[in-house]
Amino acid sequence: MLRGIDVSGYQSSSYNTDGLSFVFVKATEGRSYVNPKLSAQAKRARDAGCVVGFYHFLWPGNLTAQAEYFVGKAPEKAGDILAVDWETTSDGTHASNAEKDRFIRKVKELRPNHRVILYANRNYWLNVDDTSYAGDGLWIADYVTAGKPRIKAKWRFHQYTDDPLDKNVADFSSKEALRDWAKGA
């Protein structure tokens, strides 16, 4: 298992990269928010030799506009991974299954050379999702032992804690294997 983290505007741009193979950085949310630390947090990961991913927090509605907004703000570098964060919004709503699926497909259309994955927590994956569509891979959040999420589906990334920050593992044999997978979209 490879170790990694995900960061957003709430975290520092000078996070510790020791032992990390990958970092996901929040890029956007909806059609109006851009992480003000996006560039600095991505640079930190790249400077440490990590595989970099960017994620968009999905809101219901305006899927094409959200996808265009996301790809317009997320850096476009070969080997970067793109992810959709599908969970409950601050107003208590969430994108539907069809919207989640359309968003992933639209991002794939706009960035055909990038892997596009789904981030969902265990409850969403088991109880809200009814299509099991995760694009190029599933990033599952389940706060249990690293690498042992309580789902049967194949996953690529597992967020296993948010204390003191979001920590993840990836199911790849090496950083090179992860890098090759990311470039193989």
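Residues numbered from 1 in each chain as written. Predicted model: local features only at pLDDT ≥ 70, side-chain atom pairs only at ≥ 80, totals over all residues. Heavy atoms only, no water.

A short note on unusual backbone geometry
So, step 1. Of note, the amide linkage connecting Asp163 to Pro164 takes the cis form, showing an omega dihedral of 5 degrees.
So, step 2. Tracing the sequence through the fold places Pro164 in the loop between strand 8 (157-161) and strand 9 (166-170).
So, step 3. We note that Asn62 has phi near 50 degrees; this positive angle belongs to a residue other than glycine.
So, step 4. Although it is not a glycine, Ser132 sits at a positive phi angle of roughly 60 degrees.
So, step 5. In this fold, Ser132 is placed in the loop between helix 4 (122-128) and strand 7 (138-141). (Helix = DSSP H or I, 4+ residues; strand = E, 2+ residues; numbered from the N terminus.)

Considerations on the environment of Leu58
So, step 1. Positionally, Leu58 belongs in the loop between strand 4 (51-57) and helix 2 (63-73).
So, step 2. Exposure remark for Leu58: the relative accessible area of 0% places this residue in the buried category.
So, step 3. Sequence-distant contacts of Leu58, that is, excluding residues within four places in its chain, are made with Leu63, Gln66, Val84, Asp85, Trp86, Thr89, Ala95, Lys100 and Phe103. (Buried < 20%, exposed > 50% of the residue type's maximum accessible area, 1.4 Å probe, protein only. Contact = heavy atoms within 4.5 Å.)

Re the pattern of salt bridges
So, step 1. Within this structure, the stated rule accounts for 11 salt bridges.
So, step 2. Linked by salt bridges that have partners in common, Lys100, Asp101 and Asp129 make up one network. (Salt bridge = Lys/Arg side-chain N within 4 Å of Asp/Glu carboxyl O.)

Quick notes on the pairing of strand 7
Both faces of the sheet carry side chains from a regular strand, because those side chains alternate between them.
So, step 1. Burial along strand 7 is two-sided: Leu138 and Ile140 facing one way and Trp139 and Ala141 facing the other are all buried.
So, step 2. Taken together, the four bridges between strand 6 (residues 115-121) and strand 7 define a ladder with parallel strand orientation. Note on strand 7: the bridge partner recorded for Tyr119 is Trp139.
So, step 3. Both strand 7 and strand 8 contribute to a ladder of three bridges, which runs parallel. Looking at the pairing, Ala141 lines up with Gln159 of strand 8. (Pairing = 2+ DSSP bridges.)

Some details on the packing of aromatic side chains
So, step 1. Counted by the stated rule, this structure contains 11 aromatic pairs.
So, step 2. With centroids separated by 5.2 Å and ring planes inclined at 65 degrees, the aromatic side chains of Phe22 and Phe157 adopt a geometry described as edge-to-face. With a gap of 135 residues between them, Phe22 in strand 2 (residues 22-29) and Phe157 in strand 8 connect regions that are remote in the sequence. Like Phe22, the residue Phe157 is buried in the burial classification.
So, step 3. With a centroid separation of 5.4 Å and 50 degrees between ring planes, the pair formed by Phe172 and Trp181 is classed as tilted.
So, step 4. Pairwise contacts between aromatic rings join Phe22, Phe24, Tyr55, Tyr119, Trp139, Phe157, Phe172 and Trp181 into one cluster.
So, step 5. When the ring centre of Trp86 is taken as origin, the NZ or CZ atom of Lys100, which lies over that ring, is 5.1 Å away.
So, step 6. Directly above the ring of Tyr133 sits Arg105, whose terminal nitrogen or CZ lies 4.0 Å from the centroid. (Phe/Tyr/Trp six-rings, centres within 6.5 Å; stacked < 30°, edge-to-face > 60°. Lys NZ or Arg CZ within 6 Å of the ring centre and 35° of its normal.)

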